[in-house]
Amino acid sequence: MVAFGKRLKERQVQEWQQYYINYKLMKKRVKQYAQQIELGTQDRRHVLKDFSRMLDNQIEKTVLFLLEQQGHLASRIANLGEQQDAAQQEREPEIRKMSELREAYTTVGQDLLKLLYFVEINAVGLRKILKKFDKRFGYRFTDYYVKTRANHPYSQLQQVFKHVGLGAVVGALSRNLHDLQDRQGSYLSIYDQPTLPLQDPVIDSVKAAVDRLTHSTNFLDFLGQHALIMQEELPAPADENVDERYHFTSLLLNLVNTFLYMVNTYIIVPTADDYSMHLGAAPTVCGIVIGAMAVAQLFSSVYFSAWSNKSYFRPLVFSSIILFLGNTLYALAYDFNSIWILLIGRLCCGFGSARAVNRRYISDCVPLRIRMQASAGFVSASALGMACGPALAGLLQTNFKIHNITFNQDTLPGWVMTIAWLMYSIWLWISFVEPSREFEEDHTVDKSEKSNAVDGDALEKGLQQPLLITSEDKVDEDADQDNDDSEEAPEESRRPATSIGSAYRLLTPSVKVQLLIYFMLKYVMEILLAESSVITTYYFKWSTGTVAIFLAGLGLTVLPINVIVGSYVSNMFDDRQILLTSEIMVLIGIISAFHVIMPYTELQYICSGLLMFVSAEVLEGINLSLLSRVMSSRLSRGTYNGGLLSTEAGTIARVIADATITLAGYLGVGRLLNITLVPSLFICIISIIATCYTYNSLY
């Protein structure tokens, strides 16, 4: 990530330099405090008092200038309003005069955008310097400072983060510009019809800037960051070209693609062991059958990510065709009595994984004001697909033939998905609109600063209450940024990674730990889900329908868990605490799932499985929310982006887990449970140790 000090320095050179918070000075002061405390020449209480006073002075300087600029803008709008009233009282107002008024209002809007951006930069700087202070001294100074200042009647923090005065200026500008618009003789105001669109683009730009300050709800932000779609920490005030490229039906088609792919992944889980036995293989070969899709996805993620640099429509069409063929082969393998056709069909399904395109479309073509909602929709579609897949398999309990083609519980999942992808392909061909790439071709440097596919938003958790964030945001942005005093980073340092190796070298130690955690939780979840049919059949004689209900029930916990964590838990506890607690709960779930007590009961299996799955879901939410904020900005762009790295880490975990199930099956189904849980236990312990070591070294 490009250091905030350098980004702030770039802005300060242009204008208003003396009114920005002096981030460089405060950072140096923090270093001095650390040295003085280490040498014993300074009392900690005095450090807190002195730093609080310095922050108060910096905020006051910024707020007084903000109020002054608000007054100038308000005065200009008032003068323009008088001119507008005078012009409208004339029987036939001059078109030239009305055009000049509109241009003048637009100029005010552009100046208002600069002021909003000024507030945004200072808000980010305040949050960062508070986090840096907490990291250096191990204090919870941020909590103290916010609690004592934010709700005080004379609070100047409220001016920065509530921006009431700016809201009034925005409202006045919007109303007057609206009145200048030709409404075909209508005398209605914006208050009578608030849904009427404002045609002047400066208003949309201002609204986008305000949205970044007041942003979304905690739950939407938390859920959206699961998608690992993020952008520059200080984005441009507006991106009108993104608004022009946005097409709702195309976005919906991307989300439907995500949903169908997740259904396709999990619809075979309840019947994969039964299908393998019908083809003459051992039931544990289901691990290879399920994992074949993940193996292919390792490669498809890369070429789809690269393909999305040039097009969105063509890779989606290719994905639909490959998935149509893959599911057809999967269904026909029964009548051909060939395990190889079955595996080839699943490999084709994996080669059709277009999740990289789905993410890229959201980050590139969805306006900032709704990008978090779209990201949350991406995660929700994935979660619903994961639940619907097994549930749908449980409903397909029938057996009949048409022209020597068998339709039963093993083949129907393939046939159902074949029809689904055929219908989707037709809808895609008719309705998808390929976004224009002219802007990207003409402005490749600017676009490279804004695009792609690591999930999260610009000003994590929004700036409505940004100083309440005390976790690792929250973690490592500053771990590798103690060189903020150096000269501006060269252009090379802002270019996207050109290979997996170069992308890996951009990862800080804590990001590597978070990817390890992601690997661990995906491994544990895949072991639980992929072997569930074999384990429950062996121990409890569950039918396919019962297994489907169990898996669907697990999938249905995803969204409620994210609601609870995103709306409540993440606001009550530090992310480090939630992260470590979730890892420990996963560990407890793994230990409780071992078969050491005879007999092995359904209650033990269900409770341990539920504990593992729910804890892993909580862990995934916190981990990805954190990961979306701390990756280098160079990993938010290009083919080899952070989203690809996380996808590859999770996919490799699934491949290894499925291979473990198949290999363990050679030792007998009776030993399968304990043998597959041992690697899960080992990896979980390693991730807990790595988490404790990394965060203790940083804090």
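Residues numbered from 1 in each chain as written. Predicted model: local features only at pLDDT ≥ 70, side-chain atom pairs only at ≥ 80, totals over all residues. Heavy atoms only, no water.

### Some details on the overall build of the chain
So the rule is basically this: Helix numbering and strand numbering both begin at the N terminus, where a helix is a DSSP run of H or I of at least 4 residues and a strand a DSSP run of E of at least 2. Throughout this description, buried means an accessible area under 20% of the type-specific maximum (1.4 Å probe, protein chains only), exposed means over 50%, and partly exposed covers the range between. Throughout, a contact is declared for two residues whenever any of their heavy atoms are within 4.5 Å.
What the chain contains, in helices and strands, is 30 helices and 2 strands. The 699 residues of the chain split such that 58% are buried. Relative to all contacts within the chain whose residues are 6 or more apart in sequence, the contacts with residues 24 or more apart total 85%.

### With respect to the environment of Leu 521
When you line up the elements, Leu 521 lands in helix 23 (residues 509-530). By relative accessible area, Leu 521 is classed as buried at 0%. For the pair Leu 521 and Glu 620, spaced 99 residues apart in sequence, the C-alpha to C-alpha distance is 7.2 Å. Not counting the four nearest positions on each side in its chain, Leu 521 is found in contact with Ala 616, Leu 619 and Glu 620.

### What to know about unusual backbone geometry
Although it is not a glycine, His 403 sits at a positive phi angle of roughly 55°. Topologically, His 403 is positioned in the loop between strand 1 (400-402) and strand 2 (405-407). Its identity as a non-glycine residue notwithstanding, Asn 404 has a phi of 65°, on the positive side. With respect to the helices and strands, the residue Asn 404 is situated in the loop between strand 1 and strand 2. Accessibility expressed as a relative area gives 65% for Asn 404, which makes it exposed.

### So, the packing of aromatic side chains
Short version of the rule: The criterion for an aromatic pair is that two Phe, Tyr or Trp rings (for Trp, the six-membered ring) have centres within 6.5 Å, with stacked assigned to planes under 30 degrees apart, edge-to-face to planes over 60 apart and tilted to the rest.
Counted according to the given criterion, the structure contains 30 aromatic pairs. Ring geometry for Phe 304 against Phe 318: centres 6.1 Å apart, planes inclined by 50°, an arrangement best described as tilted. Residue Phe 304 is located in helix 13 (residues 286-307), and its partner Phe 318 is located in helix 14 (residues 313-336); the two are separated by 14 residues in the primary sequence. Feature note: the residues Tyr 538, Tyr 539, Phe 540, Trp 542, Phe 550, Tyr 600 and Tyr 605 constitute an aromatic cluster, connected by ring pairs.

### Topic: the pattern of salt bridges
It is possible for side chains bearing opposite charge to pair when their charged atoms get close. Here is the rule we go by: One speaks of a salt bridge when a side-chain nitrogen belonging to Lys or Arg is within 4 Å of a carboxyl oxygen belonging to Asp or Glu.
Taken as a whole, this structure holds 5 salt bridges when the rule is applied. Between Glu 620 and Lys 522 there is a salt bridge, with its nearest N and O atoms 3.4 Å apart. Placement of Glu 620 in helix 28 (residues 602-630) and of Lys 522 in helix 23 is noted, with a sequence separation of 98 residues between them. Take Glu 620: its relative accessible area is 10%, and that puts it in the buried class. The class for Lys 522 is buried, based on a relative accessible area of 19%.

### Quick word on the side chain of Thr 536
Our working rule: In protein, a polar contact requires one atom able to donate a hydrogen and another able to accept it; more generally it is a pair of N or O atoms within 3.5 Å, and residues adjacent in sequence count only if both atoms are side-chain atoms.
For Thr 536, the location among the structural elements is in helix 24 (residues 532-540). Given a relative accessible area of 0%, Thr 536 falls into the buried group. A polar atom in the side chain of Thr 536 sits 3.3 Å from the backbone oxygen of Ser 533. Not counting chain neighbours up to four residues away, the residues in contact with Thr 536 comprise Lys 541, Trp 542, Val 547 and Tyr 605.

### Points about the environment of Ser 52
Summarising the element assignment, Ser 52 is placed in helix 3 (residues 44-89). Take Ser 52: its relative accessible area is 4%, and that puts it in the buried class. Sequence spacing of Ser 52 and Phe 141 is 89 residues, and the spatial spacing of their C-alpha atoms is 9.3 Å. In this structure the side chain of Ser 52 is engaged in a polar contact, spanning 2.7 Å, whose partner is the backbone oxygen of Leu 48.

### Overview of the confidence of the model for the chain
Worth spelling out the cut-off: The predictor's confidence in any single residue is recorded as pLDDT, a number from 0 to 100.
Scored by pLDDT, the chain has a mean of 76; 72% of the residues are at 70 or more. Looking across the chain, the model is least confident in helix 21 (residues 473-476), with a mean pLDDT of 37, and most confident in helix 18 (residues 412-431), with 96.

### Quick notes on the nonpolar core
Rule in force here: Put simply, buried Ala, Val, Leu, Ile, Met, Phe, Trp, Tyr and Cys residues joined by side-chain atoms within 4.5 Å make one nonpolar core.
Among the nonpolar cores identified, the biggest contains 111 residues, and Leu 342, Met 386, Leu 428, Phe 432, Ile 590 and Phe 613 are the most heavily contacted of them. The greatest single-element share of this core, amounting to 15 residues, is contributed by helix 23. Those residues in contact with Ile 590, other than ones at most four positions away along the chain, are Val 524, Met 612, Leu 677, Ser 680, Leu 681 and Cys 684. With 23 residues, the next largest nonpolar core counts Ile 77, Tyr 105, Phe 118 and Leu 173 among its residues.

### A short note on the packing of helix 11 (residues 248-266) against helix 14
For any two helices packed against each other, one specifies the inter-axial angle together with the distance between the axes. Basically, it comes down to this: Each axis is a line fitted through C-alpha atoms, taken for helices only over the stretch in contact, and angles between the N-to-C directions span 0 to 180 degrees. Any angle that falls under 35 degrees is termed roughly parallel, while one over 145 is termed roughly antiparallel, one within 65 to 115 roughly perpendicular, and all others oblique. The sense of a crossing depends on the near helix, which, turned anticlockwise from the far helix by less than a right angle, makes the crossing left-handed and, turned clockwise, makes it right-handed. Three residue categories are used. Nonpolar comprises Ala, Val, Leu, Ile, Met, Phe, Trp, Tyr, Cys and Pro, charged comprises Asp, Glu, Lys and Arg, and polar comprises the others, including Gly.
At a minimum axis separation of 12 Å, helix 11 and helix 14 run at an interaxial angle of 25°. As far as their axial angle goes, helix 14 and helix 11 are roughly parallel. As helix 11 runs across helix 14, the sense of the crossing is left-handed. Listed contacts from helix 14 to Asn 254, Asn 257, Tyr 261 and Asn 264 of helix 11 are Leu 316, Ser 319, Leu 323 and Asn 327. In terms of residue class, the contact of helix 11 with helix 14 is built from 3 nonpolar, 5 polar and no charged.

### Details of helix 15 (residues 339-351)
As a reminder of what qualifies: In a helix, the anticipated span is given by 1.5 Å times the number of residues less one.
The first and last C-alpha atoms of helix 15 sit 19 Å apart over 13 residues, in line with the 18 Å expected at 1.5 Å per residue. Among the residues of helix 15, Ile 339, Leu 342, Leu 343, Gly 345, Arg 346, Cys 348, Cys 349 and Gly 350 are the ones counted as buried. On its buried face, helix 15 is in contact with helix 11, helix 12 (272-278), helix 13 and helix 14. Between the side-chain oxygen at the start of helix 15 and the backbone nitrogen of Trp 340 there is a gap of 3.3 Å, and the oxygen is on Ser 338.

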